[in-house]
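# An overview of the molecular structure
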Amino acid sequence: MKTFSTQRLLRGMLPVAMLAVMGAWQAPALAATCTQGSTCVTVDGKGSGAMSTEEARQSKEQWNDTKTLRHKVNTRIEKEFDKADRAADDEDRCNDSNNVNAYWEPDTRKCLDRQTGRRIIP
């Protein structure tokens, strides 16, 4: 019976020992990285590793620049979509037109007259 209680004790202590070993291994990693002779910048004076004021300003500036660029790209995409959408509607109107000389020119996205080649509005 004595070996049974020893085995049970070891099984119960094993997870606790593993946690203690992992905690001891992580302690240096979690310690402050600012040591004497190293260069550390703190904003709040507590050494919490907060982003410096300059880094924050640069990050905000970069965000604003990319926001402007994304807005321009989205506007251009929207204009191209509107142009293609209007062309599809114009093509449908041209093909459904009662004018037998009307035909759709896909390269120019216009409804043209077969005889004159001029643009017509169906």
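Here goes a summary of the coordinates provided. Remember, predicted model here, so these are calculated numbers, not experimental data. (Residues numbered from 1 in each chain as written. Predicted model: local features only at pLDDT ≥ 70, side-chain atom pairs only at ≥ 80, totals over all residues. Heavy atoms only, no water.)

## Here's the deal with the pairing of strand 1 (residues 102–105)
Selection rule: Burial here depends on accessible area, computed with a 1.4 Å probe over protein chains only, as a share of the maximum for the residue type. Under 20% is buried, over 50% is exposed, and the range in between is partly exposed. Numbered from the N terminus, helices here are DSSP runs of H or I no shorter than four residues, and strands are runs of E no shorter than two. Two strands form a pair only when DSSP identifies at least two bridges running between them.
Of the two faces of strand 1, the one holding A102 and W104 is buried and the one holding Y103 and E105 is not buried anywhere. Sheet topology places strand 1 next to strand 2 (residues 110–113); four bridges connect them, and they run antiparallel. Counterpart to A102 in the pairing with strand 2 is D113. Hairpin geometry of strand 1 and strand 2 is characterised by an intervening segment of four residues between the two adjacent antiparallel strands and by a positive phi of about 60° at R109.

## Side note on unusual backbone geometry
The phi angle at R109 is positive, at roughly 60°, despite the residue not being glycine. With respect to the element layout, R109 can be found in the loop between strand 1 and strand 2.

## Side note on the state of the cysteines
Heads up, the rule is: The rule for a disulfide is simple: a pair of cysteine sulfur atoms within 2.5 Å.
Applying the stated criterion to the full structure yields one disulfide. Each sulfur of the disulfide joining C94 and C111 lies 2.1 Å from the other. Around the S-S axis, the bridge from C94 to C111 shows a dihedral of about 70° and counts as right-handed. Residue C94 is found in helix 2 (residues 53–95), and its partner C111 is found in strand 2; the two are separated by 17 residues along the sequence. Note on accessibility: C94 and C111 belong to one class, buried.

## Thoughts on a nonpolar patch on the surface
Going by this rule: Without a salt bridge and with relative accessible area above 30%, a residue can belong to a patch; like charges are then joined within 9 Å and nonpolar side chains (Val, Leu, Ile, Met, Phe, Trp, Tyr) within 5 Å. Note that accessible areas follow from Shrake-Rupley with a 1.4 Å probe, and for residues the cover is restricted to the protein chains shown. Here, a salt bridge means any side-chain nitrogen of Lys or Arg that lies within 4 Å of a carboxyl oxygen of Asp or Glu.
A cluster of nonpolar side chains, contributed by L69, V73 and I77, occupies part of the molecular surface with about 280 Å² of accessible area. Along the polypeptide, L69 turns up in helix 2. The exposure class of L69 is exposed, given its relative accessible area of 51%.

Note that all results are geometric; they support no functional claim without further evidence.
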